[in-house]
Amino acid sequence: MAKEYCRDRFFPTTHIANLPKQFSFNKGKKTLMIDYATTDQLHIYKKMINDAAIKGDNVGIDEYHEDYVANFLFDMSEIFQATDPSTGHIEAVMFIQFCFYQRALDSRSATVHIFRSSGIDNVVYAELTSLMGDFAQALDIGYTQICVHVAFSMTDLYLELRKQGFVTVALFPEWVELAGIGVDDSALMVKQLRTSNRKLKSKEEILKATNDKFTLDGVQSTYFSSGCVPVPILPITATTKQGFKFTFRNARIEEDEMMYKMLSDAANEGDGYAIDEYPTIDFFRMVYLVGSHVVIIEEDATKAVAGFIIYLKALEGRRATGSIVEPAVIIKREYRGSGLNMLARSMGTIIKRSVGFERELGTTFSTNNAAIKTLKKFHLQTIGTFPNGAYQRGHGWVDLVYFILSVEDEYKMLSKMGFGHLTSLENKKGFESKL
């Protein structure tokens, strides 16, 4: 049996030297043996995750559901365990995971997840988190920063992480539900590693990583058997204030290549998307299309595709309930100025309400002043900035600005702005308005 649990790593790595190794924590009060996790202890690791959720130990009651644990946590992480050297009892399991808060497949940012027994206090937890930063750097993947989410009610843990050099870059409202506490805000904390600023990974490195993970046969089988999730109220045809008529309909399964080309063109032009955000069509299919609501926008007169919208459930969310959507929008340049952007926004409100999304998480580049102004126009609340979250053509590494908005508040706001057609369109499709 292989020693490492993650044998097929998302990014090929070098090994941490000299493991297993004893480390001292909390000024010598705690000694732990750190080693790679092993497959024969998998049941213990899963139990520690479940126990943390039951205790509300910085883990939401529905945060680490089975699909996420299997497909993202274990399968996209380097995993280590901490044992008591005198008893051999596993005291903690630690994950260094590719970070979903960045909009880049370049492995610049890592998320650290730690699940502990009662023998690990907040001081040791924070020092273990910092040690995982050292490990992330030693893995030679290219990580330059690590991040961790902390429920805002866990003040003592938050303060210990601050002592280890973590700083808060965003505060996500009502983001995690803790046992015994209820719904809580969540602080996203980041620590810069000693690695100096570096260039973007080469296209060959990115392709190697994604092709190893998202194999052609497996992805195509999943995509062509499952595809996207249709929006029941579509199609709907609506007219912009400028008089242009567009139809919003569900994407067809064979339109994946057309959508991928539109996204790739936008990324290559530096037009709102990172250059390695969608590195291969199979990655695009598996991560962005399968299980998502995907809407094609057609010009009614010509039936030409004017754009599309992907309504993806946000991977950053820490709750299974209170569904959070992260839309990806593409509008062709020739249709800008036709009123389609505003129409897509109002139609998107109907679509999000109809499929049960409650909040929208928006991200844009810190360099995209037009997008920032638009998001603020629609009353999206700025909740923070994630450093070096994407690599933009013409600018290099840029920060990501995070916004959040209640879908119901957006609906009310658009109605006040004169989009009275929202209710009539909903009623035509048999969708009852909540107002």
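Remember, predicted model here, so these are calculated numbers, not experimental data. (Residues numbered from 1 in each chain as written. Predicted model: local features only at pLDDT ≥ 70, side-chain atom pairs only at ≥ 80, totals over all residues. Heavy atoms only, no water.)

Novice: Help me out: how do you make sense of the confidence of the model for the chain in this one?
Specialist: Predicted coordinates in areas of low pLDDT are best not read in detail. Scored by pLDDT, the chain has a mean of 83; 81% of the residues are at 70 or more. No element of the chain has a lower mean pLDDT than helix 12 (residues 421-428), at 52, and none a higher one than helix 4 (residues 155-163), at 98. (pLDDT = per-residue confidence, 0-100. Helix = DSSP H or I, 4+ residues; strand = E, 2+ residues; numbered from the N terminus.)

Novice: Is there a simple way to explain helix 1 (residues 42-55) in this structure?
Specialist: Helical periodicity: at 3.6 residues per turn, an α-helix aligns residues three or four positions apart in one direction. With 14 residues, helix 1 extends 20 Å from end C-alpha to end C-alpha; this agrees with the ideal 20 Å at 1.5 Å per step. What helix 1 keeps buried is the set Tyr-45, Met-48, Ile-49, Ala-52 and Ala-53. All buried residues of helix 1 project into a common sector of 135 degrees when viewed along the axis, lining one side. The exposed residues of helix 1 that point more than 90 degrees off its buried face are His-43 and Ile-54. (Expected span 1.5 Å × (residues − 1). Buried < 20%, exposed > 50% of the residue type's maximum accessible area, 1.4 Å probe, protein only. Arc of directions from axis to C-beta.)

Novice: Teacher, can you tell me more about the packing of aromatic side chains here?
Specialist: Here a ring pair, both rings aromatic, is described through the centre-centre distance and the interplanar angle of the planes. Applying the stated criterion across every chain yields a total of 15 aromatic pairs. Arranged with centres 6.4 Å apart and planes meeting at 25 degrees, the rings of Phe-284 and Tyr-288 form a pair that is stacked. Of this pair, Phe-284 and Tyr-288 both sit in helix 8 (residues 281-289), four residues apart, which is roughly one turn of the helix. On the basis of relative accessibility, which here comes to 0%, the residue Phe-284 falls in the buried class. One aromatic cluster is present, built from ring pairs that chain together Tyr-101, Phe-172, Trp-175, Phe-386 and Tyr-402. (Phe/Tyr/Trp six-rings, centres within 6.5 Å; stacked < 30°, edge-to-face > 60°.)

Novice: Honestly, the pattern of salt bridges in this entry has me stumped. Any pointers?
Specialist: Oppositely charged side chains may form a pair once their charged atoms are brought near each other. Following the criterion strictly, the structure yields 18 salt bridges and no others. The closest approach of N and O atoms between Lys-163 and Glu-160, which form a salt bridge, is 3.3 Å. Taken together, the residues span about one helical turn, with Lys-163 and Glu-160 both in helix 4 at a distance of three residues. What makes Glu-160 buried here is its relative accessible area of 15%. Each member of the salt-bridge network shares a partner with another, and the members are Arg-249, Arg-252, Glu-254, Glu-255 and Glu-298. (Salt bridge = Lys/Arg side-chain N within 4 Å of Asp/Glu carboxyl O.)

Novice: What am I meant to see in the packing of helix 7 (residues 256-268) against helix 8 here?
Specialist: For any two helices packed against each other, one specifies the crossing angle of their axes together with the interaxial distance. Across the interface, helix 7 lies against helix 8 with an axial gap of 10 Å and an inter-helix angle of 100 degrees. With respect to each other, helix 7 and helix 8 are oriented roughly perpendicular. Facing Asp-256, Glu-257, Met-259, Tyr-260 and Leu-263 of helix 7, the residues of helix 8 in contact are Ile-281, Phe-284, Arg-285 and Leu-289. Partitioning the contact of helix 7 with helix 8 into residue classes produces six nonpolar, no polar and three charged. (Axes fitted to C-alpha atoms, helices over the stretch in contact; angles between N-to-C directions. Parallel < 35°, antiparallel > 145°, perpendicular 65-115°, else oblique. Contact = heavy atoms within 4.5 Å. Nonpolar A, V, L, I, M, F, W, Y, C, P; charged D, E, K, R; others polar.)

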